[in-house]
Amino acid sequence: MPPCTARSMLAMVVIPTTMSHLASIIPLLLGANLIRAEPFNTFDGPGFPACRDVAAVHDPTTVNETISLVRNAAQNQTPVRASGKGHMWYDTMCSDDPSTVIIRTEQLNRISEFSLPEGAQDGSVMIEAGVTFFQLAEYLHLNNASMGYTLVNWNITLAGSIAMGAHRSSLREDSMVAAGALELHIIDGSGNLRIVKRSNQDDWLAASTSLGLLGVIVKVKFKIYPDFKVYAKQDTLIEKEVLEGDIYGMISPYATANFWWWPYLRKFHLRYYDPIPDGFSDQEGFQSTFSVTKTEADIATGLLNSGKILATSNMAAETLFFSLWSPPNFRDKRTDKAISKWPVYGWNYDVLIGGLYPGYSTQWDFGMRGETLELAFPVTIANEVLKRVRGAFDDELKKGIIMTSTYRSGINIKFGKPYNDLLGQVATDTEDGADWSKGALMFDFPTFKPSWGDGERFNEAFYGRLAETLISEFPCRPHWTKNTREVFRWTVEKGRLDSGHLERFKAVREEFDPKGIFKSVVGETLGLY
Ligand SMILES: Cc1cc2nc3c(=O)[nH]c(=O)nc-3n(C[C@H](O)[C@H](O)[C@H](O)COP(=O)(O)OP(=O)(O)OC[C@H]3O[C@@H](n4cnc5c(N)ncnc54)[C@H](O)[C@@H]3O)c2cc1C
Ligand SMILES: *[C@@H]1O[C@H](CO)[C@@H](O)[C@H](O)[C@H]1NC(C)=O
Ligand SMILES: *[C@@H]1O[C@H](CO)[C@@H](O)[C@H](O)[C@H]1NC(C)=O
Ligand SMILES: *[C@@H]1O[C@H](CO)[C@@H](O)[C@H](O)[C@H]1NC(C)=O
């Protein structure tokens, strides 16, 4: 016999009722003051909270419903945060207040007002907050249109990406997702819907990378282009060619380009993309970064889990991943056949992003978990930064510790063309005196998180040390969803963020959300409350 707890009594009372009755009875039985405080998780699920404790998660289906939810929260002074697909890495979405409510935007996903007149260079479309990249890409492709280079990844919302300043990799083309936004429709801290249009005014410059602190972005008017085909090509370089090379010159010629670094093998992949003329190729390449089979995931997980204590396993894993990453990670969309030769050709979105191969799952669906760190530096000091990281790896080597990349695509080195807003990673004219005018290099260091023992990575202390070193020694800016609370704190402590930009942002925040109902750990760390 189980002990007669309140819960089992509750169960006896409500067993005959339906689930919807249950939902309405529980609050009555428990009283209005008791709140359900449990974590709201990232895409990685239990054990990986985006918010440590929340009271409720709502899934509105209309803008009006969302307005009501925010008005309610505003009246009760309840903290509220919007969430898209939870594709973020750490517990920084909310503030640490267990009465927080989440407004999940998944059901708010209409696309309307498509406009791309025949012969026009660009046009626009209106999307609701929950629209994901692959949803919009498919819609646009059917209408002979595309979103150009302002894209990030497939199962992520555009609104969530715009909120957090997410970006692709390019020094030549606009590739901040926010750069594609023409209007942002935001429900402010009083529950009023405001339309903020692209301009040079501070309300736009704040809204463009808002960290969700101005309110819930419910709709976005987004810039679109006629659809076009691109090629993808990849070269393998020895480490010295990059560390001693003209990094700006290797990246800036292309519409989009990035490096993947294999530090144990001392090699880089250089991946680059550019448009091809109409009719140049009828290949329909489709990229997949995350597709794995269960067997592949099991092999990688076994190797990497033993790499928690055995450097040799990590060395074997990096060698394996490098060899898998050298041929194209593409299939032909029509036949699902692997493509074995570079360059690969296909439609813009399929080649730049793609998705999952039919019948495959993602590495995280098979329980592989990761951590990451992402910092942006002026591209003018790209060589110094990468050499400093090399130096940090070599310092470990002197102690007999071999560091590797434990991620299936290596260490991701991305780039960003300058884009003017207050809290973006690629803003220029900041008080740090650094030259951001040529753009930024983003050092994105994803790592495998072991699923056993204390869950710490091989040589765990190294990662925090590296972050602190880079933040102390170089002008830099954090990615807003790929860093721990400590990293945000360090960037503030080292004065890496422009105080003028923060002040101007705070003024807009106070006007949109005077009571601070949308606050988050990130906003608090930045001193915006
Ligand atoms: C596998 C993977 C690949 C990624 N690749 C890249 C990449 O290439 N480049 C890059 O820059 N980033 C990348 N990211 C990070 C990702 O783009 C951001 O974390 C993005 O914010 C996630 O959007 P989401 O819809 O999942 O939002 P969530 O994770 O649900 O939310 C993220 C943040 O945005 C806020 N937010 C979400 N929706 C709204 C809204 N409608 N209004 C106001 N605030 C909102 C949330 O409150 C939260 O603070 C990647 C992440 C993953 C997991
Ligand atoms: C939303 O609410 C407003 C004001 O109550 C109303 O005028 C409008 O018709 C509603 N919109 C929809 C789509 O229901
Ligand atoms: C996209 O993410 C959601 C979780 O938000 C998940 O349920 C769904 O399966 C994912 N879609 C794909 C194609 O992986
Ligand atoms: C897209 O372009 C093709 C080829 O030019 C044309 O046949 C088709 O009708 C167009 N589709 C739309 C929705 O405009």
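Worth saying up front: this structure is predicted, and the values here are computed from it rather than measured.

### Section: the overall build of the chain
- In terms of regular secondary structure, the chain is built from 16 helices and 25 strands.
- The C-alpha radius of gyration of the chain comes to 24 Å, within 12% of the 24 Å expected for a compact globule of 529 residues.
- With the C-alpha coordinates aligned to their principal axes, the bounding extent of the chain is approximately 65 × 65 × 55 Å.
- Buried positions account for 56% of the 529 residues belonging to the chain.
- For the chain, long-range pairs separated by at least 24 residues make up 73% of all intrachain contacts whose partners lie at least 6 apart in sequence.
- Working note: accessible area of the chain is about 21900 Å², and carbon and sulfur atoms make up 53% of it.
- Taken together, the 53 basic and 62 acidic charged side chains of the chain have centroids lying 2 Å from each other.

### Concerning the pairing of strand E14 (residues 267-275)
- For E14, a buried count of 7 out of 9 residues is recorded, marking the element as mostly surrounded by other parts of the structure.
- Sheet topology note: the strand E12 (residues 229-238)/E14 ladder contains 9 bridges and is antiparallel. Bridge pairing in E14 places Lys233 opposite Tyr272.
- Bridging between strand E13 (residues 256-262) and E14 involves 7 bridges; their strand directions are antiparallel.

### Examining the side chain of Ser313
- Within the secondary structure, Ser313 is located in helix H10 (residues 311-325).
- Overall, Ser313 belongs to the buried group, its relative accessible area being 9%.
- Within polar-contact distance, the side chain of Ser313 engages the side chain of Ser306 at 2.7 Å.
- Once residues lying within four places of it in the same chain are set aside, the contact partners of Ser313 are Leu303, Ser306 and Gly307.

### Focus: the state of the cysteines
- A complete count under the given rule lists 1 disulfide for this structure.
- Shown here is the disulfide that connects Cys51 with Cys94, its sulfur atoms set 2.1 Å apart. Its S-S torsion of about 60° marks the bond between Cys51 and Cys94 as right-handed, since a negative value means left-handed. Separated by 43 residues along the polypeptide, Cys51 in strand E2 (residues 49-54) and Cys94 in the loop between strand E4 (80-83) and strand E5 (101-104) bring together distant segments of the chain. As far as the burial class goes, Cys51 and Cys94 line up, both buried.

### Digging into the sheet that holds E5
- Within the open sheet, the 3 strands sit side by side as E3-E5-E4. Their pairing is parallel. In the strand order of this sheet, the two ends are held by strand E3 (56-58) and E4, each with one partner. Sheet twist, expressed as the average angle between the axes of neighbouring strands with direction ignored, equals 25°.

### Focus on the UniProt feature "domain: FAD-binding PCMH-type" (unreviewed entry) in the chain
- Cross-referencing UniProt, the feature "domain: FAD-binding PCMH-type" (unreviewed entry) maps to residues 49-227 in the present numbering.
- Taken end to end, residues 49-227 is 20% helix and 30% strand, and its two terminal C-alpha atoms sit 38 Å from one another.

### Overview of helix H14 (residues 485-493)
- Residues Arg485, Val487, Phe488, Trp490 and Thr491 constitute the buried set of H14.
- Packing partners of the buried residues in H14 comprise E2, strand E21 (374-378), helix H13 (461-473), strand E25 (477-478) and helix H16 (521-525).

### A look at the pattern of salt bridges
- One pass over the structure, following the stated rule, counts 38 salt bridges.
- Here Asp44 ties to Arg369 by a salt bridge, and the two come within 3.3 Å at their closest N and O atoms. Placement of Asp44 in the loop between strand E1 (38-41) and E2 and of Arg369 in strand E20 (residues 369-371) is noted, with a sequence separation of 325 residues between them.
- Judged by its relative accessible area of 6%, Asp44 falls in the buried class.
- In this structure, Lys387 engages Glu244 in a salt bridge whose closest nitrogen and oxygen atoms are separated by 3.6 Å. Placement of the pair is Lys387 in helix H12 (residues 382-398) and Glu244 in the loop between helix H7 (239-243) and helix H8 (247-251), with a sequence separation of 143 residues.
- For Glu244, a relative accessible area of 52% puts it in the exposed group.
- Several salt bridges converge on common partners, so that one network encompasses Arg52, Asp91, Asp96 and Arg485.

### Let's talk about the packing of aromatic side chains
- Here the structure, examined in full by the defined rule, presents 25 aromatic pairs.
- Arranged with centres 6.1 Å apart and planes meeting at 70°, the rings of Phe114 and Tyr139 form a pair that is edge-to-face. You can see Phe114 sitting in strand E6 (residues 111-115) and its partner Tyr139 sitting in helix H4 (residues 133-142), a full 25 residues away along the chain.
- Note on Phe114: relative accessible area 27%, which makes it partly exposed.
- Ring geometry for Trp480 and Phe488: centres 5.7 Å apart, planes at 20°, overall stacked. The exposure classification of Trp480 matches that of Phe488, with both residues buried.
- Chaining the aromatic ring pairs together yields one cluster made of Phe259, Trp261, Phe268, Phe393, Phe415, Phe443, Phe445, Phe462 and Tyr463.
- Taking the ring centre of Trp347 as reference, the NZ or CZ of Lys229 above it sits at 5.5 Å.

### A word on the packing of H12 against H13
- Packing of H12 against H13 brings their axes to within 11 Å, and their N-to-C directions diverge by 145°. You can see that H12 and H13 cross each other, and the crossing is right-handed. Here Arg388, Val389, Ala392, Phe393 and Glu396 of H12 lie close against H13, whose contacting residues are Phe462, Arg465, Leu466, Thr469, Leu470 and Glu473.

### A look at the nonpolar core
- If you look at the biggest cluster of nonpolar residues, it comprises 93 residues, and the most contacted ones within it are Leu136, Met147, Leu184, Val220, Phe222 and Trp480.
- When residues are assigned to domains, this core turns out to be shared by domain 2 (37-227) and domain 3 (235-497), each giving three or more.
- Not counting chain neighbours up to four residues away, the residues in contact with Val220 comprise Val125, Met126, Ile127, Ala159, Ile162, Ala181, Glu183 and Leu184.

### Digging into the packing of helix H9 (residues 294-306) against H10
- H10 packs onto H9 with a crossing angle of 145° between their chain directions and a minimal axis gap of 7 Å. Seen along the crossing, H9 lies across H10 with a hand that is left-handed. Residue-level contacts link Ala300, Leu303, Leu304 and Ser306 of H9 to Ser313, Asn314, Ala316, Ala317, Leu320 and Phe321 of H10.
- Residue composition of the contact of H9 with H10, by class: 7 nonpolar, 3 polar and no charged.

Conventions we followed
- Residues numbered from 1 in each chain as written.
- Chains lettered and ligands numbered in written order.
- Predicted model: local features only at pLDDT ≥ 70, side-chain atom pairs only at ≥ 80, totals over all residues.
- Heavy atoms only, no water.
- Helix = DSSP H or I, 4+ residues; strand = E, 2+ residues; numbered from the N terminus.
- Rg over C-alpha atoms; globule rule 2.2 N^0.38 Å.
- Buried < 20%, exposed > 50% of the residue type's maximum accessible area, 1.4 Å probe, protein only.
- Contact = heavy atoms within 4.5 Å.
- Areas by Shrake-Rupley, 256 points an atom, 1.4 Å probe, with all protein chains shown as cover.
- Lys, Arg positive; Asp, Glu negative; His and termini not counted.
- Charge placed at Lys NZ, Arg CZ, Asp CG, Glu CD.
- Pairing = 2+ DSSP bridges.
- Polar contact = N/O pair within 3.5 Å; in protein donor to acceptor, adjacent residues only side chain to side chain.
- Disulfide = S-S within 2.5 Å.
- Axes fitted to C-alpha atoms, helices over the stretch in contact; angles between N-to-C directions.
- UniProt positions renumbered as here; feature names shortened; annotations may be inferred.
- Salt bridge = Lys/Arg side-chain N within 4 Å of Asp/Glu carboxyl O.
- Phe/Tyr/Trp six-rings, centres within 6.5 Å; stacked < 30°, edge-to-face > 60°.
- Lys NZ or Arg CZ within 6 Å of the ring centre and 35° of its normal.
- Left-handed = near helix turned anticlockwise from the far one by under 90°.
- Core = buried A, V, L, I, M, F, W, Y, C linked by side-chain atoms within 4.5 Å.
- Domains from an automatic or database assignment.
- Nonpolar A, V, L, I, M, F, W, Y, C, P; charged D, E, K, R; others polar.

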